[in-house]
Structures are given as C-alpha cells and as structure tokens.
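# Descriptive analysis of the structure
Residues per chain are reported as follows:
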Amino acid sequence: MGESKMVHSPLVTYASMLSLLTFCPPIVILLWYTMVHADGSISQTLSYLRQHGLQGFLNIWPMPTAIAWKIIVCYAAFEAALQLFLPGKRVEGPISPAGNRPIYKANGVAAYSVTLITYLSLWWFGIFNPSVVYDHLGEIFSALIFGSFVFCIFLYIKGHVAPSSTDSGSCGNLIIDFYWGMELYPRIGKNFDIKVFTNCRFGMMSWGVLPLTYCIKQYEENGRVADSMLVNTILMLVYVTKFFWWEDGYWNTMDIAHDRAGFYICWGCLVWVPSVYTSPGMYLVNHPVNLGVQLAIYILVAGILCIYINYDCDRQRQEFRRTNGKCLVWGKAPSKIQASYTTATGETKTSLLLTSGWWGLSRHFHYVPEILAAFFWTVPALFNHFLPYFYVVFLTILLFDRAKRDDDRCRSKYGKYWKLYCEKVPYRIVPGIY
Ligand SMILES: NC(=O)c1ccc[n+]([C@@H]2O[C@H](COP(=O)([O-])OP(=O)(O)OC[C@H]3O[C@@H](n4cnc5c(N)ncnc54)[C@H](OP(=O)(O)O)[C@@H]3O)[C@@H](O)[C@H]2O)c1
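Going by the annotation in an unreviewed UniProt entry, the name recorded for the protein chain is 7-dehydrocholesterol reductase, with Actinidia chinensis var. chinensis given as the source organism. Taken directly from UniProt, the Subcellular location (unreviewed entry) text for the protein chain runs: "Endoplasmic reticulum membrane". Comment text from UniProt for the protein chain, heading Sequence similarities (unreviewed entry), reads "Belongs to the ERG4/ERG24 family."

### Considerations on the overall build of the protein chain
Along its length, the protein chain carries 18 helices and 6 strands. A globule of 434 residues ought to have a C-alpha radius of gyration of about 22 Å, and the protein chain, at 22 Å, matches this closely. Principal-axis analysis of the C-alpha atoms gives the protein chain an extent of 60 × 55 × 45 Å. The 434 residues of the protein chain split such that 39% are buried. Put simply, of all contacts in the protein chain between residues at least 6 apart along the chain, 75% involve residues at least 24 apart.

### Describing the UniProt feature "transmembrane region" (unreviewed entry) in the protein chain
UniProt's entry tags residues 12-33, 67-88, 109-128, 140-157, 261-279, 291-311 and 371-400 with the feature "transmembrane region" (unreviewed entry), counted in the numbering of this structure. Helix makes up 63% of residues 371-400 and strand 0%, and the two end C-alpha atoms of the span are 11 Å apart.

### Focus: the pairing of strand S6 (residues 348-354)
When a strand is regular, its side chains alternate between the sheet's two faces. Sheet analysis places strand S5 (residues 336-342) next to S6, joined by 7 bridges and oriented antiparallel. Directly across from Lys336, in S6, lies its bridge partner Leu354. Hairpin connection, S5 to S6: the antiparallel pair is bridged by 5 residues, and Gly346 has positive phi, about 90°.

### A few points about the packing of helix H1 (residues 10-37) against helix H2 (residues 42-60)
One can describe the packing of H1 onto H2 by two numbers: an axis separation of 12 Å at closest approach and a directional angle of 125°. By the angle between their directions, the pair H1 and H2 is classed as oblique. By crossing handedness, the relation of H1 to H2 is classed as right-handed. Contact residues: H1 offers Leu30, Tyr33 and Thr34, while H2 offers Ile42, Thr45 and Ile60.

### Examining helix H3 (residues 66-85)
Spanning 20 residues, H3 covers 28 Å between terminal C-alpha atoms, matching the ideal 28 Å at 1.5 Å per step. Every buried residue of H3 is accounted for by Ala68, Ile72, Tyr75, Glu79, Leu82 and Gln83. Looking down the long axis of H3, one finds its buried residues gathered within 105° of arc, a one-sided arrangement. Structural note: H3 exposes Ala66, Lys70, Val73, Cys74, Ala77, Ala81 and Phe85 on the side pointing more than 90 degrees away from its buried face. For H3, the elements touching its buried residues are helix H4 (108-124), helix H6 (137-161), strand S4 (192-193) and helix H8 (194-222).

### Focus: the nonpolar core
Core analysis: the largest hydrophobic core is formed by 84 residues, its most contacted members being Ile140, Leu144, Tyr214, Leu235, Cys266 and Ala373. In terms of residue count, the dominant contributor to this core is H8 (12 residues). Mapped onto the domain boundaries, this core takes at least three residues apiece from domain 1 (1-288) and domain 2 (291-434). In this view, Tyr214 contacts Tyr134, Met229, Gly281, Met282, Leu284 and Val285; residues no more than four positions away in its chain are not counted.

### Thoughts on the domain arrangement of the protein chain
Taken domain by domain, the protein chain consists of domain 1 (1-288) and domain 2 (291-434). For domain 1 and domain 2, the distance between their C-alpha centroids amounts to 23 Å. Between domain 1 and domain 2, the residue contacts involve 32 residues of the former and 29 residues of the latter. Listing elements by their share of the side of domain 1 that touches domain 2, those giving two or more residues are H1, helix H9 (227-245), helix H12 (263-277) and helix H13 (279-285). A per-element tally of the side of domain 1 that touches domain 2 places H9 first, with 10 residues. Of the residues belonging to the side of domain 1 that touches domain 2, the class tally is 18 nonpolar, 12 polar and 2 charged.

### Describing the site of the ligand
As a matter of local geometry, the ligand sits amid 19 residues, with Thr253, Met254, Leu353, Leu354 and Glu370 nearest to it. Broken down by element, the shell around the ligand gets its largest block of residues, 6 residues, from helix H17 (residues 390-414). Class assignment of the residues belonging to the shell around the ligand gives a composition of 8 nonpolar, 4 polar and 7 charged. Looking at which domains feed residues into the shell around the ligand, each of domain 1 (1-288) and domain 2 (291-434) gives three or more.

### A look at H12
What sets the pattern is the α-helix's 3.6 residues per turn: residues three or four places apart point alike. The first and last C-alpha atoms of H12 sit only 18 Å apart over 15 residues, clearly below the 21 Å expected at 1.5 Å per residue. Summarising burial for H12: 14 of the 15 residues are buried, a large majority.

### As for the environment of Asp39
Mapped onto the elements of the fold, Asp39 is located in the loop between H1 and H2. Looking at Asp39, the number of C-beta atoms within 10 Å reads 15, which means it is partly exposed.

### What about the environment of Leu237?
Within the secondary structure, Leu237 is located in helix H9. A residue is classified by how many C-beta atoms lie within 10 Å of it, and Leu237, with 18 of them, is partly exposed. Sequence separation of Leu237 and Leu212 is 25 residues, and the distance between their C-alpha atoms is 8.7 Å. What Leu237 contacts, discounting residues up to four positions off in sequence, is Gly208 and Pro211.

Rules used throughout
- Residues numbered from 1 in each chain as written.
- Predicted model: local features only at pLDDT ≥ 70, side-chain atom pairs only at ≥ 80, totals over all residues.
- UniProt positions renumbered as here; feature names shortened; annotations may be inferred.
- Helix = DSSP H or I, 4+ residues; strand = E, 2+ residues; numbered from the N terminus.
- Rg over C-alpha atoms; globule rule 2.2 N^0.38 Å.
- Buried ≥ 20, exposed ≤ 12 C-beta atoms within 10 Å, placed from the backbone.
- Contact = placed C-beta atoms within 7 Å.
- Pairing = 2+ DSSP bridges.
- Axes fitted to C-alpha atoms, helices over the stretch in contact; angles between N-to-C directions.
- Parallel < 35°, antiparallel > 145°, perpendicular 65-115°, else oblique.
- Left-handed = near helix turned anticlockwise from the far one by under 90°.
- Expected span 1.5 Å × (residues − 1).
- Arc of directions from axis to C-beta.
- Core = buried A, V, L, I, M, F, W, Y, C linked by C-beta atoms within 7 Å.
- Domains from an automatic or database assignment.
- Nonpolar A, V, L, I, M, F, W, Y, C, P; charged D, E, K, R; others polar.
- Near = placed C-beta within 6 Å.

Below you can see the structure in the form of structure tokens.
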C-alpha cells in the first residue's frame, strides 16, 4: 500500500479539522435559522443568542426527524440508482499518482435531466410537494450533519480494511487519515464510484434541486415568483447544467484526481454544498425583491457570461491536454512548457502546461469568473443584508486557499518547470494584482 502524501502538516490538519467540526455544523444551522426564521438578519440572530445563550442556540437546532431521513434516503437511493443504471459512455480518468487509470460511466447529463424532470413532475402531478423539503430544511441539514459524519467514518474504515485500488494508504496518523482521506478512488463493487456519488450526484445535484425547491416555495406562498428569484435560479441552474455537461472534465480536476475521499471533501459535498452553496436562494424565498426587467436582464447576462468564461477556461485546459497541445488557443498555436515529473512508482512522465489563452493571464484565472458568477446570482438579493453574500465570501477564501495548495502541489511535482511557468505567468489569480 502506498504511503499517503501529507497535504498539510499535522498541526494545520488538527487546527483545520477542529475548526471545521466546531464551526461548520453551527454555521449551517445558524445560516438556515437566520434565513428562514430571522428575516436574514445576522443582528436579529445575534440578539436572540445574547438573550437566550447556549440553551437558546440548542433550542433552535432542529433534531433530525423521520421525514427528514425519508427525504434524504429516497433522494440518495434515487441518485445512486441513476448513477449505476443509466447508460453513459465509458470515460478514462487521468493517470493517478500510483499509476492507475480509473474508468467512469459518463451519465451525468442523463441523471441531472431525469432528476429535475422527476422532481418537477412529482410536484406538477401532486404526488410530492417540494415545499415539504423547504418546510423541513433545518431537520434535513441536521440529519445531513450527523449522517455525513458517520459516512466519513465508514470511508475511513473501508480505506483500512478494503481499499479499492493501490491509490490508498495511511500516513500513520488517524486524524489526518480521517480528515484528508485514505482512498483516492473508493468504490463499492467495481462500478459504484463513491466520490462521483458524494461530489456530483448528491452534492452538485442538490444544487440543482434546492433552487427549484425555493422557487416553488415562493410560488406556493405568494402565487408568483419574483424576478430576483428567477434570475438567481436560472443562473444557478445554468451553472449546474454546465457542471453536468462537463462532468467528465471535473473528473480530471483536483477534487477527484488529487484529493482523497475524507472528511474534508466528502462532508463538504454532502452538507456544505446543499446548505451554504444554495443559500442565496434560501434567502430570497421570503425576501421577494423586484428588480424590474432591465436590471434582471443585465444581471442575468453578466452571470451567464461569467459562467461561460469559467467553462471556457476549463475547456481550454482540457482540450489542450487531450490533444497533446495540438489545438488552437484563441486562434493560435498554444504556447506551452513540457514539464517532466516522477510518479510515486519512480516512473518519469511528462505533462504539458499551457501558458497562453486564459492560462497565460494568471495561473488560476478560472477562479475570477467563478467568484463573479456567484456574485451575480447573489446580487438579486440587493444589499439589505450581508448574509446572502456569505457564499461569495466563503468561495473567495476557499479558492484563494485552493490556488495556494495547487501551486504548492505543482511546485513539488514539476520542480524547475513550475518555476519556469511562474516566471512566464507571474500572477496567481488576478492578473496584475495577485
Ligand atoms: N464552487 C466551488 O466550490 C469550486 C471549488 C473548486 C473549484 N471549482 C471550479 O472547478 C473547476 C476546476 O478547478 P480546480 O480548482 O479543480 O483546478 P483544475 O482545473 O483542476 O486545475 C488545476 C490542475 O490543472 C493542472 N494545471 C495547472 N496549470 C496548468 C496549465 N497551465 N496547463 C495545463 N494544466 C495545468 C494541474 O494538474 P496536473 O497535475 O494534471 O498538472 C493542476 O493541479 C474550475 O472551474 C473552478 O472554478 C469550484
């Protein structure tokens, strides 16, 4: 079994895990409580907490109920079945550090379409009203918080007793193994990929389903959907549709190809994505701002443009790698660096680094449109409260940390070639600034 590479030092892991465990679950609950029960106002929630103390906080923490578990289990089972049984073309993932090449079934668009059509049909034909999900949202988040923690314990045990591939192993420290994960590509049987399930089919799919839920809830409450809610929902759906359209590309990114399946990534996808990522829509349910057609269209167009640029950055890199540099980038032959590196098994391999197009502007330029898109689907909430902007702020911190982590990893992988890349493309994220 290969040695697990330490992503961060033990101290950083302990601090990071402790703060994630201590702060993230209460943040999820307080965010939901403030959006749904405290008019989106942080000061209202704070004054409640000041008045009622810890007991007051415990009183607002909803216990997982039978209906919450039922909703989660039905949704998870439905998504798992779609992942397993819908047809899709066979796709090869990138070569892993241990030299394996994972095989996937690309049926994301089909699963996404079936999910949304089924959900809307259940509502349309009066079989299940999505408002029920909104009405039990706190209990659902609470159940996800506990359930996902138990799921991560399962991943840790599986990594020890039944790893799916040689891309696994312990670094000798229980906490680090649990937090950063034991396996890169854990599977149940040969075909059920756990990370595709947690990251894509549970987490990202919820990002399509919940905005629709919020729209339907507002419609059921007010008899109409405000243009702010429409802009927010359309932009999020365009973003998530883009994600599933490009899902096999996502399997080449850090989340899947580099980060192991541990608490950090799996808990994040199972709890943080459904709750925090969808939160601007959660806020809009009971804050139906009217933007007017013109402003709504400006925001919509700006948001779609950002989502397109973000997609085009990812597409450009992947097209460049797929064709081994034999493609056009912005109408010209790409400029590139041929970077060699040594795998964990001692083999020497080569990767191409693109240094023109979007990837010549800065080393992680794609994060700029990603953050701006999030801003544009939040701004329909206008500026009465800070809380809808929580996701944009969180995303900015996450992506700045991620750019640093990725740079560190690439520096140790490519050595002098990465240094050369940094000389050619000196900025990390924002051209001319950072
Ligand atoms: N909303 C969210 O929470 C969130 C979070 C993270 C990411 N995202 C989005 O997900 C998408 C993927 O982002 P990512 O962070 O996973 O990064 P990524 O696209 O996977 O890019 C980083 C990897 O690309 C390779 N690379 C770096 N520079 C290159 C170059 N010049 N030419 C060719 N390859 C290069 C390196 O891998 P090798 O080892 O293969 O060289 C590096 O590890 C982006 O659209 C991002 O905005 C969203």
